Amino acid sequence: MPQTTLEVKSLTKAIHGKKIVDDVSFGVQKGEIFGLLGPNGAGKTTIIRMIVSLINRTQGEVIVNGSSLDGQYKEMMSEIGAIVENPEFYKYMSGYKNLLHYARMSVKKIPRERIDEVARLVKLEGAMNQKVKTYSLGMRQRLGVAQALLHSPSLLILDEPTNGLDPQGIRELRDYLRQLADGGVSVLVSSHLLSEMQLMCDRFAIIEKGKLIHISSMKESLAEEDLMNVAFEVSDAKAAAEVIESSRPGTEMEILDDTHFTIRIEREGINLVNRLLIQNDMDVYGIGRVAATLEDRFLEITSRSEEGKKIDLINL
Ligand SMILES: Nc1ncnc2c1ncn2[C@@H]1O[C@H](COP(=O)(O)OP(=O)(O)OP(=O)(O)O)[C@@H](O)[C@H]1O
Ligand SMILES: [Mg+2]
């Protein structure tokens with residue numbers, strides 16, 4: 001049986017009667033990197049803030065290592081390391097002094113060697129004696145992760161950890177998160193970029209308008225991508241659908257109007273269907289991929305800013 005480090009049950013946040021997080025449930029296993037994926041404003045930060053008790057829950061439960069957060073706040077918080085939004089530091093103190101200060105405030109006793117250890121892990125050991133005001137954004141991010149890790153939490157929560165990191169920094173973050181997960185730490189990260197999550201996470205949940213609309217492992221979601229929804233504009237959609245049905249019985253199709261239909265096929269199938277229609281004297285005026293499956297829909301929502309990942313929604 002896999003051990004569940006974090007369990008979130010029916011988490012809900014309503015502000016002025018509007019649910020900005022609506023009945024969200026998921027679990028993060030020991031040693032797993034789990035992603036919260038969704039566009040800006042989806043509710044990712046709000047979910048994280050409720051998990052770490054920065055804001056009240058309207059409804060729902062948060063269970064860490066089998067114990068509910070309610071009533072055992074302090075014990076539970078010592079199990080969690082988190083960065084929510086930008087971590088605050090004393091700018092005129094060195095990275096090392098910042099970590100030392102934080103270590104002294106911790107409920108758990110933190111040996112000095114642990115500071116060196118986390119600094120090494122986030123590849124900041126060379127800059128520990130530099131004042132934080134001289135740090136780049138990426139270095140501050142790393143110091144934040146180091147701080148969150150100081151008390152050896154079993155659950156690390158990072159809200160948009162790659163913000164401000166360059167590709168090299170993102171790669172290193174990925175590597176040390178994996179290293180932590182291999183060592184048994186559970187990691188919850190949020191992002192609005194699918195490509196980033198695909199490389200970083202074992203599983204992810206898609207959050208859209210406060211609701212969890214899909215949970216899957218990377219393997220499943222990649223396998224499902226083989227089939228796509230394709231729209232055709234033709235002279236006679238009904239006749240075209242009949243031709244396709246007789247040649248490829250059981251193919252999933254939907255007639256939209258007199259001249260448009262969609263079909264769920266693999267990539268090679270697009271060409272085959274096109275040829276089939278032309279061989280049967282049908283005029284084809286347009287072909288395009290449409291977002292219809294959850295993955296496609298997710299891509300459409302989240303990949304707009306990503307080069308080469310755009311879904312072409314063709315206006316037929
Ligand atoms: N205190 C608040 N009062 C009113 N609305 C809020 C409050 N906090 C968050 N919201 C709204 O809730 C929604 C979710 O916000 P949240 O910050 O959780 O999104 P997010 O997924 O983290 O987005 P981003 O990717 O931009 O960080 C947004 O529409 C936001 O405007
Ligand atoms: Mg956010």
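Preceding this section is the structure that the text describes.
Below you will find a few notes about this structure. Note that the structure is a prediction, hence the values are computed from the model and not measured. (Residues numbered from 1 in each chain as written. Chains lettered and ligands numbered in written order. Predicted model: local features only at pLDDT ≥ 70, side-chain atom pairs only at ≥ 80, totals over all residues. Heavy atoms only, no water.)

Before going further, it helps to examine the nonpolar core. Counting residues in hydrophobic clusters, the biggest one holds 43 residues, and the most contacted among them are Leu99, Ile115, Met128, Val145, Leu156, Leu177 and Val189. Residue contributions to this core peak at six residues, all from helix H6 (residues 167-182). Excluding its chain neighbours within four sequence positions, the residues that come into contact with Val189 are Ile33, Phe34, Gly35, Leu36, Leu158, Pro161, Leu177, Met197, Met200 and Cys201. (Core = buried A, V, L, I, M, F, W, Y, C linked by side-chain atoms within 4.5 Å. Buried < 20%, exposed > 50% of the residue type's maximum accessible area, 1.4 Å probe, protein only. Helix = DSSP H or I, 4+ residues; strand = E, 2+ residues; numbered from the N terminus. Contact = heavy atoms within 4.5 Å.)

Empty space within the largest pocket amounts to approximately 790 Å³. For the largest pocket, the lining is made up of 29 residues, of which Ile80, Ala82, Tyr102, Gln147 and His151 are closest to its centre. Elements with a minimum of two residues in the lining of the largest pocket: helix H2 (73-77), strand S6 (80-83), helix H3 (95-105) and helix H5 (137-149). Its residues assigned to classes, the lining of the largest pocket shows 15 nonpolar, ten polar and four charged. Taken together, 23 residues line the second largest pocket, and the ones lying closest to its centre are Lys44, Thr45, Glu85, Asp159 and Glu160. Every element with two or more residues in the lining of the second largest pocket is listed here: strand S2 (18-29), helix H1 (44-51) and H5. Along the lines of polarity and charge, the residues of the lining of the second largest pocket split into seven nonpolar, nine polar and seven charged. (1 Å grid on protein atoms, 1.4 Å probe; cavity = no way out; pocket = protein on both sides within 12 Å on 5 of 7 lines; lining within 4 Å. Points joined across faces, edges and corners; volume = space filled by probe spheres on them. Nonpolar A, V, L, I, M, F, W, Y, C, P; charged D, E, K, R; others polar.)

Bringing the site of ligand 1 into the picture now. Around ligand 1, a shell composed of Ile15, Ile20, Pro39, Asn40, Gly41, Ala42, Gly43, Lys44, Thr45, Thr46 and Glu160 is seen. A distance of 2.8 Å separates an oxygen atom of ligand 1 from a polar atom in the backbone of Gly43. Between ligand 1 and Lys44 there is a distance of 2.8 Å, counted from an oxygen atom to a side-chain nitrogen or oxygen. Relative to its unbound accessible surface of 640 Å², ligand 1 loses 56% to contact with the protein. With three residues, the single largest contributor to the shell around ligand 1 is H1. Its residues assigned to classes, the shell around ligand 1 shows four nonpolar, five polar and two charged. (Near = heavy atom within 4 Å. Polar contact = N/O pair within 3.5 Å; in protein donor to acceptor, adjacent residues only side chain to side chain. Areas by Shrake-Rupley, 256 points an atom, 1.4 Å probe, with all protein chains shown as cover.)

Bear in mind that shape data such as this cannot, by itself, settle questions of function.
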